[in-house]
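Each chain, letter by letter, is given below.
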Amino acid sequence: MTIVQLEYLLAVDTHRHFATAAEHCFVTQPTLSMQLQKLEEELGVQLFDRSRVPVRPTEIGKEIIAQARIVVSESKKIKELVQNQKQELSGELRIGVIPTLAPYLMPLFITGFLERHPNVKVIVQELLTDEIVEKLNHELLDVGLLVTPLEYKTIKELPLFYEAFMVYVNPRHPLAKQKEINPAELQMDDLWVLNEGHCFRSQVLNICNRGGKMGGSENQNFDYRSGSLETLKRIVETQHGLTLLPELSVLEMPEEKKKLVRPFSEPQPLREVSLVVHKSFLKKKLIEALQKEIIASVPASIANREGKQVIGVN
């Protein structure tokens, strides 16, 4: 049994396809298949049910794969020990970031991080929370930028900052006359929200459940489902109603648009933004450098709100 064979085993489990797994391991499919067959012969068990498409691990295969992840992860720590002795950080850092953070947070820190660490190659994917967690568990990402707290036993959360939810309201809406808004004043029939699957949607609904009212739709002829906060803003501006925005999205907004923004009354609902890693994560120094850069890039008022009115993700 070799580390390479275990890496091939994990690749097939991740991609559930031998050809795709071989491509990601930079070997031919016959090479990968032969090595897995040798591993099965040595262990005396069948690891995958090849009669199914996509392939699935057998019951004993699942147990062996779980142990293989531990072995491969521990073996990678040897290389990391050597890397940590070097003065300059280098290598590849794969980051997953949710869509309601990416356009507002990434520009704040990415330039400074790359300038300070020119030998680091940063690869960013914009994904939903569940997709990021799955890729962390399969070692396809090194770190995620998510909203927490989450309820995943395999995940470690490193809180970064706390940003407030803001109300973006059509100028003709009655709430536009107020300087601040109480969550109990929100009516669900006025509210534009993101598609299901976005943690921001869940948090918005949680805020409304603390006092929001249900009612009939103001416009039965227009039902728009969006995965973009920017699209929801345009709908509010041109149609009716209101939507909720994260505080970072308001910072660089033109002054004319800021006139449509209203804060919530105290205690303001906040969301906790964290770096999220697998509990057996590698590249510790790179991730620590990323954590330091992000915290330094956001306004101090956002970073120093720990323990206040944090809204749950679920």
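Keep in mind it's a predicted model, so treat the numbers as computed, not measured.

Right, let's get into the pairing of strand β6 (residues 155–169). Counting buried positions over the 15 residues of β6 gives twelve, a clear majority of the element. In the sheet, β6 pairs with strand β10 (residues 270–278) via nine bridges, with the strands oriented antiparallel. Residue pairing across strands places glutamate 163 opposite arginine 271, the latter belonging to β10. One ladder, built from five bridges, connects β6 with strand β8 (residues 242–246); its direction is antiparallel. Bridge pairing links tyrosine 168 to threonine 243 in β8. Pairing of β6 with strand β9 (residues 261–263), which is carried by three bridges, proceeds in the antiparallel orientation.

With that out of the way, let us pick up the environment of valine 27. Assignment of secondary structure puts valine 27 in the loop between α2 (18–24) and α3 (29–43). Excluding its chain neighbours within four sequence positions, the residues that come into contact with valine 27 are Tyr8, Ala22 and Leu32.

Time to look at the packing of helix α5 (residues 102–116) against helix α11 (residues 284–297). Relative placement of two packed helices is described by the angle separating their axes and the distance separating the axes. Running from amino to carboxyl end, α5 crosses α11 at an angle of 130°, the nearest separation of the two axes being 9 Å. Between α5 and α11, the interaxial angle falls into the category oblique. Classified by chirality, the crossing of α11 by α5 is right-handed. Listed contacts from α11 to Leu105, Leu108, Phe109, Gly112, Phe113 and Arg116 of α5 are Leu286, Ala289, Leu290, Glu293, Ile294 and Ser297. The residue makeup of the contact of α5 with α11, split by class, is eight nonpolar, two polar and two charged.

Closest axis-to-axis distance for the helix α1 (residues 3–15)/α3 pair is 9 Å, and the angle between their directions is 110°. In terms of orientation, α1 and α3 fall into the roughly perpendicular class. For the pair α1 and α3, contact is made by Gln5, Leu6, Tyr8, Leu9 and Val12 and by Leu32, Gln35, Leu36, Lys38, Leu39 and Glu42, respectively. Looking at the contact of α1 with α3, its residues break down into seven nonpolar, two polar and two charged.

Moving on to the pattern of salt bridges. In the structure shown here, the tally under the stated rule is 13 salt bridges. Arginine 16 serves as the salt-bridge partner of aspartate 13, at 3.1 Å between the closest nitrogen and oxygen. Counted as one network, the salt bridges with shared partners bring together Asp13, Arg16 and Arg69.

In this section: the nonpolar core. Counting residues in each nonpolar core, the largest one holds 76 residues, and the members touching the most others are Leu145, Phe161 and Leu244. The contacts of phenylalanine 161, once residues within four sequence positions are left out, are Leu101, Leu105, Leu248, Arg271, Glu272, Val273, Ile294, Val298, Ile302 and Ala303. Phe18, Leu36, Ala68 and Val72 belong to the second-largest nonpolar core, a separate cluster that totals 18 residues.

This part is about helix α6 (residues 129–137). Among the residues of α6, those classed as buried are Thr129, Ile132, Val133 and Leu136. Seen end-on, α6 carries its buried residues on one side only, within an arc spanning 100°.

Before going further, it helps to spend a moment on the confidence of the model for the protein chain. Per-residue confidence for the protein chain gives a mean pLDDT of 86; residues scoring 70 or more make up 91%. Scored below 50 in pLDDT, residues 210–220 makes 22 contacts in the model with residues more than four places away or belonging to other chains.

Here we take up unusual backbone geometry. If a residue is not glycine, its phi is most likely negative; likewise, a peptide bond is most likely trans. Residue proline 54 is bonded to the preceding valine 53 through a cis peptide linkage, with omega at -5°. Tracing the backbone shows proline 54 in the loop between β1 (48–49) and β2 (56–57). A cis geometry characterises the amide bond from glutamate 266 onward to proline 267, with omega recorded as 0°. Even without being glycine, phenylalanine 26 reaches a positive phi, approximately 60°.

This brings us to the packing of aromatic side chains. Scanning the model with the defined rule gives two aromatic pairs in all. Here phenylalanine 18 and phenylalanine 48 contribute two aromatic rings whose centre-to-centre distance is 6.2 Å and whose plane-to-plane angle is 75°, an arrangement assigned as edge-to-face. Taken together, the residues span a long stretch of sequence, with phenylalanine 18 in helix α2 and phenylalanine 48 in strand β1 at a distance of 30 residues. When the centroid spacing of 5.3 Å and the interplanar angle of 35° are considered together, the rings of phenylalanine 165 and phenylalanine 200 count as tilted. Taken together, the residues phenylalanine 165 in strand β6 and phenylalanine 200 in helix α7 (residues 199–209) connect sequence positions 35 residues apart. Sitting over the face of the ring of tyrosine 168, lysine 233 holds its NZ or CZ atom 6.0 Å from the ring centroid.

Moving on to the side chain of threonine 243. Along the chain, threonine 243 falls in strand β8. Among the polar contacts listed, one links the side chain of threonine 243 to the backbone oxygen of tryptophan 192, at a separation of 2.8 Å. Apart from residues no more than four positions distant in its own chain, threonine 243 is found in contact with Met166, Val167, Tyr168, Leu191, Trp192, Leu232 and Val236.

About the thresholds
Residues numbered from 1 in each chain as written. Predicted model: local features only at pLDDT ≥ 70, side-chain atom pairs only at ≥ 80, totals over all residues. Heavy atoms only, no water. Buried < 20%, exposed > 50% of the residue type's maximum accessible area, 1.4 Å probe, protein only. Helix = DSSP H or I, 4+ residues; strand = E, 2+ residues; numbered from the N terminus. Pairing = 2+ DSSP bridges. Contact = heavy atoms within 4.5 Å. Axes fitted to C-alpha atoms, helices over the stretch in contact; angles between N-to-C directions. Parallel < 35°, antiparallel > 145°, perpendicular 65-115°, else oblique. Left-handed = near helix turned anticlockwise from the far one by under 90°. Nonpolar A, V, L, I, M, F, W, Y, C, P; charged D, E, K, R; others polar. Salt bridge = Lys/Arg side-chain N within 4 Å of Asp/Glu carboxyl O. Core = buried A, V, L, I, M, F, W, Y, C linked by side-chain atoms within 4.5 Å. Arc of directions from axis to C-beta. pLDDT = per-residue confidence, 0-100. Phe/Tyr/Trp six-rings, centres within 6.5 Å; stacked < 30°, edge-to-face > 60°. Lys NZ or Arg CZ within 6 Å of the ring centre and 35° of its normal. Polar contact = N/O pair within 3.5 Å; in protein donor to acceptor, adjacent residues only side chain to side chain.

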